[in-house]
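Residue-level structure breakdown
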Amino acid sequence: MSEGSFEAHDDDHAAHDDGADDRYLVRNPRQIRQLLQALIDQRSLINAHLGGRDQSFPTAILELDEDEDMLLLDGSPSEPANRAAEEAGHLLCFAQLDKVMVRFRLDHLERVGSTHHVAFRVAFPSELVHLQRRELYRLETPITDSPQLLFPINEDRSEALSLRVVDISGGGLAVTVPVDCNVFALQKRYDARLDMPEGGPLQIALIVCNQLAVKLPNGVEMKRVGMRFDSLPRGGDSAIQRYIFRIDRQRSARKNGES
């Protein structure tokens, strides 16, 4: 049971979360090809969101046809997902290179391959967002000492997800959920509760910025949901920074062999 509030709002000003990203927009075709090839080389998982729908599926780029500026995108094991991708008109894709987010849009997918292995042939994106560096230091949280996000999942607030925060900064946080979890929607604003390991709970508002397919060390595929803080209570930023400083200090002490 949860006493926290839950709201989902359309955010007209965040139809694209590009406001802070324009300086990272890549339009040079050669650079776009290099980044697409890097996604292949690093076997990066891509979370593909169907245009205009709160649906997504994990995928990957299989190969590039540089002569025609076309790429081959892996299909989904789910045939309904493949049909929905064909009908959607475009995909909004999120991936990571060296833990830095890459985002691009693919238009007019052409289905190729057999019924046993579906793929999509599609033109290279005309532009791509590559956040070449982090604006804020992000801390990967320790499993045994991490904040928890209490996230109500229905309107009467009788049910809530308790999610471990896997990384956090002064600007936002990330959680992981199963790939078939569709509770979070891109560019929606949610009210939730953030429980810090030390200190009281923080009532916060978050906007979902990206959802990325990730593979855990044990091989299980999950979905990483990145969110930015839309509002923090008084003292909230200080509480987060104190936590980051404490964990960093403990890690430094262990590295240096201190007790």
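Please refer to the structure placed before this passage.
Cut-offs and rules
- Residues numbered from 1 in each chain as written.
- Predicted model: local features only at pLDDT ≥ 70, side-chain atom pairs only at ≥ 80, totals over all residues.
- Heavy atoms only, no water.
- Helix = DSSP H or I, 4+ residues; strand = E, 2+ residues; numbered from the N terminus.
- Buried < 20%, exposed > 50% of the residue type's maximum accessible area, 1.4 Å probe, protein only.
- Contact = heavy atoms within 4.5 Å.
- Areas by Shrake-Rupley, 256 points an atom, 1.4 Å probe, with all protein chains shown as cover.
- Pairing = 2+ DSSP bridges.
- Axes fitted to C-alpha atoms, helices over the stretch in contact; angles between N-to-C directions.
- Phe/Tyr/Trp six-rings, centres within 6.5 Å; stacked < 30°, edge-to-face > 60°.

**Digging into the overall build of the chain**
Each helix and strand in the chain was counted, giving three helices and 18 strands. Relative to its full complement of 259 residues, the chain shows a buried share of 46%. Restricting to contacts in the chain with at least 6 residues of sequence separation, those with at least 24 account for 63%. For the chain, the exposed surface amounts to about 14000 Å²; the carbon and sulfur share of it is 46%.

**Focus on the sheet that holds strand β10 (residues 118-123)**
Adjacent strands of a sheet form backbone hydrogen bonds with each other and so pair up, either parallel or antiparallel. Sheet architecture is open: four strands sit in the order β5-β6-β10-β9, paired in antiparallel fashion. Edge positions in the sheet fall to β5 (61-65) and β9 (110-113), since each of these pairs with one other strand and no more. Adjacent strand axes in the sheet meet at a mean angle of 30°, parallel and antiparallel pairs treated alike. Sheet analysis places strand β6 (residues 70-74) next to β10, joined by five bridges and oriented antiparallel. By the bridge assignment, M70 is partnered in β10 with A123. Along the sheet face, helix α1 (residues 29-41) touches β5 and β6 and points at about 145° away from the line of β5.

**Some words on the packing of aromatic side chains**
Under the definition given, this model contains three aromatic pairs. Plain terms: the ring middles of F184 and Y190 are 6.1 Å apart, the flat faces sit at 85° to each other, and that makes the pair edge-to-face. Judged by its relative accessible area of 4%, F184 falls in the buried class. Residue Y190 is classed as buried on the basis of its relative accessible area, which comes to 3%.

**Structural notes on the pairing of strand β14 (residues 160-168)**
Pairing analysis gives two bridges linking strand β12 (residues 139-140) to β14, with the strands arranged antiparallel. Of the residues in β14, the one forming a bridge with L139 is I168. By the bridge criterion, five bridges tie strand β13 (residues 148-152) to β14 in an arrangement that is antiparallel. Note on β14: the bridge partner recorded for L150 is S162. Bridge count for β14 against strand β15 (residues 172-178) is three bridges, and the pairing is antiparallel. Bridge pairing in β15 places V165 opposite V175. Hairpin connection from β14 to β15: three residues lie between these consecutive antiparallel strands.

**Here's the deal with the sheet that holds strand β7 (residues 90-97)**
Across the sheet, which stays open at both edges, the six strands sit in the order β2-β11-β8-β7-β3-β4 with antiparallel pairing between neighbours. Every other strand in the sheet has two partners, leaving β2 (25-26) and β4 (56-59) as the edge strands with one partner each. In this structure, β7 lies alongside strand β8 (residues 100-107), joined through eight bridges in antiparallel fashion. Bridging from a neighbouring strand, C93 pairs with F104 of β8. Of the strands in this sheet, β2, β3 (46-50), β7, β8 and β11 (128-130) are in contact with α1, which crosses β7 at around 70°. Strand contacts of helix α2 (residues 79-88): β3, β4 and β7, with the helix running at about 60° to β3, the strand carrying the most contacts.

**Things to note about the side chain of S146**
Mapped onto the elements of the fold, S146 is located in the loop between β12 and β13. The class for S146 is buried, based on a relative accessible area of 10%. With residues up to four places along the chain from it excluded, the contact list for S146 reads T141, R164, V165, P197 and Y243.

**Thoughts on the environment of I247**
Relative to the assigned elements, I247 resides in helix α3 (residues 236-255). Judged by its relative accessible area of 2%, I247 falls in the buried class. Spatially, the C-alpha atoms of I247 and S146 are 9.5 Å apart, while their sequence positions differ by 101 residues.

Treat this as a map of the structure, not an account of what it does.
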